[in-house]
Amino acid sequence: MKFKHGFNNYSTKEALNYNQVIYDLYEGKSIKQFQLTNPTLLTNNILINYTTKSHVIGIRYNSKSSDNRTLIACLLPPNIKCSESIMFEDTNLSYDYKLYILGILNSFVIDFYVKKICSHMHVGNNIISNIPIPPIDNIYYHQITSLVSDIMSYPQEKLRNKLDVLVAKLYNISHEEFNYILSTFKIKHNEYSNLINQF
């Protein structure tokens, strides 16, 4: 799965000159796990042609050392404009499969993996392309897609914990390995206990 950057506000090569236009521009900071927050209001004299055509997975390109999570992704709706601080895929994957991928990308297991292979503060194609995605013919596929859909509507910790446990099982992570993975994140004691107890 290949991802591309959104619009670079400082590059004239990526835009056409037009009269002044006001845009809602979504930046990396707009992306939370499974959620998209308010855009930045951008006034410019250029027409941005970096518009999503359908529901696509968006990833925050810039990672900060202060962030508890390195890989932060959500599902972007159609017809929005993204800045270069968002990486988004441009594929013909089914909606359900995108939910499946989104659930995997936002899991503790994959975030742990990304931290191990990410030597800088950018999550680009060199990182994303190295994430192993299990095929869909597994017993967890429909459970994961259903949970992600629920989380996007009702972002509850209980649902997130259930998803993290499913993804860990999808990758055949042992109880001891899962315990160690969780210990590398800043997690509230109650959430940590609930995750371990659900495993």
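Further up the page is the structure itself.
Residues numbered from 1 in each chain as written. Predicted model: local features only at pLDDT ≥ 70, side-chain atom pairs only at ≥ 80, totals over all residues. Heavy atoms only, no water.

## A word on the environment of Arg60
To keep it simple, the criterion reads: Strands are runs of DSSP state E lasting at least 2 residues, helices are runs of H or I lasting at least 4, and numbering of each runs from the N terminus. Only heavy atoms matter for contacts: two residues are in contact if any of them lie within 4.5 Å across the pair. Polar contact is defined as a pair of N or O atoms within 3.5 Å, subject to the rule that within protein one atom must be able to donate a hydrogen and the other to accept it, and that residues adjacent in sequence are counted only when both atoms are side-chain atoms.
Structurally, Arg60 is set in strand β6 (residues 56-60). Setting aside residues no more than four positions away along its own chain, Arg60 makes contact with Gly28, Lys29, Ile31, Lys32, Asp67, Ile72, Ser85 and Val123. In this structure the side chain of Arg60 is engaged in a polar contact, spanning 3.1 Å, whose partner is the backbone oxygen of Gly28.

## Structural notes on helix α2 (residues 108-117)
Where we set the bar: The cut-offs for exposure are 20% and 50% of the maximum accessible area for each residue type, with area from a 1.4 Å probe on protein chains only; residues under the lower value are buried, those over the upper are exposed, and the others partly exposed.
Those residues of α2 lying buried are Phe108, Val109, Ile110, Asp111, Phe112 and Val114. Against α1 (95-105), α3 (125-128), α5 (157-170), α6 (175-183) and α7 (189-198) lie the buried residues of α2.

## Details of the layout of surface pockets
The cut-off we apply is this: Here the term cavity refers to a set of points on a 1 Å grid, laid over the protein atoms alone, in which a 1.4 Å probe fits but cannot get out; the term pocket refers to an open set having protein on both sides within 12 Å along at least five of seven lines, with lining residues being those that place an atom within 4 Å of a point. Grid points are joined across faces, edges and corners, and a volume is the space filled by probe spheres set on the points. Amino acids are sorted into nonpolar (Ala, Val, Leu, Ile, Met, Phe, Trp, Tyr, Cys and Pro), charged (Asp, Glu, Lys and Arg) and polar (every other residue, Gly among them).
In this structure, the largest pocket encloses a volume near 230 Å³. Lining the largest pocket are Lys32, Gln33, Asp67, Asn68, Arg69, Ile72, Phe108, Arg160, Lys186, Ile187, Lys188 and Glu191. Split by residue class, the lining of the largest pocket holds three nonpolar, two polar and seven charged.

## Here's the deal with the packing of aromatic side chains
Note the threshold: Only the six-membered ring of Trp is used, alongside the rings of Phe and Tyr, when aromatic pairs are assigned; centres must lie within 6.5 Å, and planes under 30 degrees apart are stacked while those over 60 apart are edge-to-face, with the rest tilted.
All told, the structure shown has five aromatic pairs when counted by the stated rule. Arranged with centres 5.8 Å apart and planes meeting at 35°, the rings of Tyr97 and Tyr100 form a pair that is tilted. Taken together, the positions of Tyr97 and Tyr100, both in helix α1 and three residues apart, correspond to about one turn of that helix. What makes Tyr97 partly exposed here is its relative accessible area of 21%. When its relative accessible area of 0% is taken as the criterion, Tyr100 is described as buried.

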